[in-house]
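Residue-level structure breakdown
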Amino acid sequence: MIRPEDLLHPTPVGLYCPPLDAYIDPVRSVDRAIVTHGHSDHARAGHSSVLATPETLAAMAVRYGEGFARVRQPAAYGQSVTLGETRLTLLPAGHVLGSAQVLVEHKGLRMICTGDYKRRPDPTCPPFEPVACHVLISEATFALPVFRHPEPETEIRRLLTSLAGFPERTHLVGAYAFGKAQRVIRLLRQAGYDEPIIVHGALESLNELYERFDVSLGPLERVPDARVRRSEASTLPGRIVIAPPSAMRTRWADRFADPLFAFASGWMTIRQRARAAGVELALAISDHADWTELTQTVSEINPDELWITHGRDDALARWAELEGRRARPLRLIGYEEEHGD
Amino acid sequence: MQTFAELLDRLILTPSRQGRVRILRAYLASTPDPDRGWALAAIAGDLKLPGLQAGLIRTLASTRIDPVLFSLSYDYVGDLAETVSLLWPPRPGANRTPTLSEVVTGLNTASPDERARRLEIWLDSLSVSGRFALLKLSSGRLRIGASRRLALQAAADLGTHPVEEIEEIWHGLSPPYEDLFAWLEGRAQRPGEETPAGFRPVMLAHAAAPELEPGRRLADAIDPEVYAAEWKWDGVRIQLVREKDVQRLYTRTGEDVTGAFPELMDEIGLTGRIDGELLIRGPGGEPAPFADVQKRLGRRTISTREAARRPAFIRCYDLLEHDGQDLRTLPFRSRREHLERLVPTLRRDRIDLSQLISFSGAADLDALRRQPPQPAIEGVMLKRWDSAYVAGRPMGQWFKWKRDPCLIDAVMMYAQRGHGRRSGAFSDFTFGLWTAGPEGDRLTPVGKTYFGFTDEELVRLDRHVRETTVERFGPVHSLATGPDQGLVLEVAFDAVQRSSRHRSGLAMRFPRIHRIRWDKPAGEADRLETLAAMIPATEAGTV
């Protein structure tokens, strides 16, 4: 069997696979890229060819325009691509629409790069599929035992409770434009909220993308133009508005009725983080695995070796040491803590 | 305990002061005695519990959590109470949750061993929020961004009395303040009136900007007929009061520091209340630099020998009461006349008078501000001759006009994740200057700062740290530096003095990042000698 390092190894550009001559989620333009999901720090424009799920390729086209790469190589979940003696398969990662784990097999050696993932049910994408392998390369965004995310349904209930308690205030929910925003909308619908949800313009094309892949978001409305308003109702008291976090603390938010700032993110577990972000209602809804999910996933897959890509690598490596597992932090650089848009 | 926990959570996340006052008021109105009194004391910073040491909380945590995972978590979260509250392994249904009063009485009456045992039982029974509140409470300081003034404002809003009235009696009251609530709710007489030598809230100045007020330029406004000018001494704002043979010393926030300055408690001839700057006398009789004052202030008590070696004195600039008469409503001009008559009758080595500066207009005052005659002066104060002494920071009355800061270009050497608001991002930076070494120039660390950058800059600084880290020592990241490598920070500071405690032999006062020089090569940053040359000449000889 070849050494794992000969099949996948870290480089400053990203994880490199020599037999395929391809990089996973490269942070600079390369000839051949394998992209795990459509968040901007993993999926960049300008590669010659991109292999990804059809959903991810569609997301990249929405974000960067149709010319984001010369060649698109779609690979549906579970459908393998073989080059010489190396076989590559994308598996569901449960992170956002189209997100995938990368399984690489070569002469009996199996390696899996999880990409960003979570294990909680998400109504907008298929669940993470655990598959046995020799080397598991795991993300570690929330790899600290302080991160034990509450159930997303509980957090959505808190939003609806606040809405009932402050019917005079617009509830402005910050959520990353790709993935989190649509998940929050779906969670609201599942909780029985049928009112039209107001969405920021930056979300529109991505919402359409989800609808195209049969994720129904219910009635959505555009934010009214600030110049043509001035009736009481046009300031949207008691309504839910979803916007990318970058829009929250700008003049754009002035049009709403005494806006109450909420933010849906795994970081909201930590009070000081919420406070620093000026958030009044912290919703700990995460698209990444928390500590329990990360450690249980490693135990479940039970690889010979654990490699850790980006995030709180020290803590996951320590956990592995306590468990008597072989682990290696790769300290990859260039991926955001969570995806700013 | 759960309602108190929810109160803290909401106070932490509510951005506006007004909103926080409203939330606290609603809590005080709907929570029975004595719980609400303990909560008020805790938020005002006046709840004295037998200090549960941070070490004890850590030890307790280490019985449940791997110490390495604990320290990585603590390093990341930046707040001990929050870290432990999130890490504590849940054991639901184990016990009944305690009330706030039970926690306070429990901690007050238990022996040290018993206290740790109780804490553990409570931690098992509470939710994340409850554990956070409990740990904040038992560590002594809440640090949730609510001040005493905010707490008292919320209490005042229960009734019709202005907050100043509560502030005046506050020092004579003790938690859980049932007498205070009874008075505020109109059920009893005003409590605590007979307490002598309490604290009176102080009057503060605005920073002078080129526009003093909208439409009024500083240069046009400075008229000696309208404003008195004094030096702004770099000491500690203090209030000294003697009433009915009780003498006390308070800081500007009302903290009682009587014990730290026994030499000021001698008979000095005062019957009244003065407002002034506490300074330490240097070897030549002149006021010593701020670091010396700080050393004294850090100690609760002090030996007579130490007090005699570095004696404190008060340079006073206002008189609030005299011989039982409240002078605060008088204009500054009249209070000043009272003060000038009083000071010569007091002990001269303990109390002296802050001199007025004579000036003709903005130009010569500006020159004086830039080139003050002594290093312990940090600028000038402007006070309207007709200003009454009003608690708080009233508009348009007093201004501080500080000397311009000194600047130096330094190289970022080490970084650490911040605590509190900035937890998570690298925001504590150690910077250094070039000095000659055996193998050519090397950097010597000269200071540390976590001020002076915007949230956007913080994101970029954080990325710089993550991308240039070459080594880690626990939480400290050591960065790649060299003539062509490293980030130059333009650091502003108020003063520099010699220090035997720092490796560079120099200590900077209030260093903060003035500008980030993304453009400047590290090799062009300043040398240590340049900083040493900025020590004021009067001090250069003394170490």
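Remember, it's a predicted structure, so these values are computed and weren't measured experimentally.

**Quick notes on the overall build of chain A**
Summing up its helical and strand segments, chain A has nine helices and 19 strands in all. Taking 2.2 N^0.38 as the reference for a compact globule, 341 residues should give roughly 20 Å; the C-alpha atoms of chain A span a radius of gyration of 21 Å, in line with that estimate. Once the C-alpha set of chain A is aligned to its principal axes, its extents read approximately 70 × 45 × 30 Å. Taking all 341 residues of chain A together, the buried fraction comes to 61%. Of the roughly 12,800 Å² that chain A leaves accessible, carbon and sulfur atoms contribute 50%.

**A closer look at the domain arrangement of chain B**
Domain parsing of chain B yields domain 1 (206–402) and domain 2 (406–532). Each of domain 1 of chain B and domain 2 of chain B was reduced to a C-alpha centroid, and the two centroids are 34 Å apart.

**Some thoughts on the side chain of A:Ser286**
Residue and element names in this part refer to chain A. Position of Ser286 relative to the elements: it lies in the loop between strand 17 (281–283) and helix 8 (291–301). Given the relative accessible area of 6%, Ser286 is considered buried. A distance of 3.5 Å separates a polar atom in the side chain of Ser286 from a polar atom in the side chain of His149. A distance of 2.9 Å separates a polar atom in the side chain of Ser286 from the backbone nitrogen of His288. Setting aside residues no more than four positions away along its own chain, Ser286 makes contact with Lys118, Phe142, His149, Lys180, Arg183 and Gly266.

**With respect to the domain arrangement of chain A**
All names here are of chain A. Segmentation of chain A into domains returns domain 1 (4–146 + 288–329) and domain 2 (152–283). Spacing between the C-alpha centres of domain 1 and domain 2 amounts to 30 Å. Taken together, the contacts link 20 residues of domain 1 with 17 residues of domain 2. Taking both partners together, domain 1 and domain 2 bury about 1,600 Å²; carbon and sulfur atoms supply 76% of that area. Taken together, the links from domain 1 to domain 2 amount to one salt bridge. For Arg183, the salt bridge goes to Asp122, with nearest N and O atoms at 3.8 Å. Taken together, the links from domain 1 to domain 2 amount to two residue pairs in polar contact (both at pLDDT 80 or more).

**A look at the pattern of salt bridges**
Opposite charge on two side chains lets them pair, provided their charged atoms get close. All names here are of chain A. Tallied over the full model, the rule gives 69 salt bridges over all chains. One salt bridge connects Arg120 with Glu293, and the closest N-O pair in it is separated by 2.9 Å. Of this pair, Arg120 sits in the loop between strand 10 (109–113) and strand 11 (135–140) while Glu293 is found in helix 8, placing the two residues 173 residues apart along the sequence. Per residue, the accessibility class of Arg120 equals that of Glu293, and both read buried.

**Examining a nonpolar patch on the surface**
A cluster of nonpolar side chains, B:Tyr450, B:Phe451 and B:Phe510, forms an exposed patch at the surface whose accessible area comes to about 300 Å². Position of B:Phe510 relative to the elements: it lies in the loop between strand 20 (506–509) and strand 21 (512–517).

**Details of the interface of chain A and chain B**
Many descriptions give the size of an interface as the accessible area lost when the pieces come together. Contacts between the two partners involve 30 residues from chain A, matched on the other side by 38 residues from chain B. In total, about 2,900 Å² of surface goes out of reach between chain A and chain B, with carbon and sulfur atoms giving 53% of it. When the buried surface of chain A facing chain B is broken down by residue, A:Arg271, A:Gln272 and A:Arg275 rank first, second and third, together holding 27% of it. Here A:Arg271 and B:Asp9 are joined by a salt bridge, their closest N and O atoms 2.7 Å apart. Of all the secondary-structure elements, those providing two or more residues to the side of chain A that touches chain B are helix 7 (271–276) and helix 9 (313–322) of chain A. Among the elements that take part in the side of chain A that touches chain B, helix 7 of chain A stands out by supplying six residues, more than any other. Looking at side-chain class alone, the side of chain A that touches chain B contains 17 nonpolar, two polar and eleven charged residues.

**Topic: the packing of aromatic side chains**
Per the stated rule, a full pass over the model turns up 17 aromatic pairs over all chains. The interplanar angle of 45° and the centroid separation of 4.4 Å between the aromatic rings of A:Phe142 and A:Trp267 together place this pair among those described as tilted. In this pair, A:Phe142 is assigned in the loop between strand 11 and helix 3 (152–165) and A:Trp267 in the loop between strand 16 (260–264) and helix 7, connecting sequence segments 125 residues apart. Like A:Phe142, the residue A:Trp267 is buried in the burial classification. By way of ring pairs, the aromatic residues A:Phe142, A:Phe147, A:Trp267 and B:Tyr76 are connected into one cluster. Across the ring face of B:Phe313, the terminal group of B:Arg281 is positioned such that the distance to the ring centre comes to 3.9 Å. The side chain of B:Arg384 reaches across the aromatic face of B:Tyr227, ending 5.8 Å from its centre.

**Brief notes about the sheet that holds strand 13 (residues 197–199) of chain A**
All names here are of chain A. Reading across the sheet, the six strands line up as 14-13-15-12-16-17 and stay open at both edges, with parallel pairing between neighbours. Across the chains shown, the open sheet's two edge strands, defined by having one partner strand only, are strand 14 (220–222) and strand 17. Sheet twist, expressed as the average angle between the axes of neighbouring strands with direction ignored, equals 30°. The pairing of strand 12 (residues 171–174) with strand 16 spans four bridges and is classified as parallel. Bridged to Leu172 within strand 16 is Phe261. Its contacts with the sheet put helix 3 on strand 12, strand 15 (240–243), strand 16 and strand 17, and the angle it makes with strand 17 is roughly 155°.

Thresholds applied
- Residues numbered from 1 in each chain as written.
- Chains lettered and ligands numbered in written order.
- Predicted model: local features only at pLDDT ≥ 70, side-chain atom pairs only at ≥ 80, totals over all residues.
- Heavy atoms only, no water.
- Helix = DSSP H or I, 4+ residues; strand = E, 2+ residues; numbered from the N terminus.
- Rg over C-alpha atoms; globule rule 2.2 N^0.38 Å.
- Buried < 20%, exposed > 50% of the residue type's maximum accessible area, 1.4 Å probe, protein only.
- Areas by Shrake-Rupley, 256 points an atom, 1.4 Å probe, with all protein chains shown as cover.
- Domains from an automatic or database assignment.
- Polar contact = N/O pair within 3.5 Å; in protein donor to acceptor, adjacent residues only side chain to side chain.
- Contact = heavy atoms within 4.5 Å.
- Buried area = accessible area lost by both parts, 1.4 Å probe.
- Salt bridge = Lys/Arg side-chain N within 4 Å of Asp/Glu carboxyl O.
- Patch = residues over 30% accessible without salt bridge, like charges linked within 9 Å, V, L, I, M, F, W, Y side chains within 5 Å.
- Nonpolar A, V, L, I, M, F, W, Y, C, P; charged D, E, K, R; others polar.
- Phe/Tyr/Trp six-rings, centres within 6.5 Å; stacked < 30°, edge-to-face > 60°.
- Lys NZ or Arg CZ within 6 Å of the ring centre and 35° of its normal.
- Pairing = 2+ DSSP bridges.
- Axes fitted to C-alpha atoms, helices over the stretch in contact; angles between N-to-C directions.

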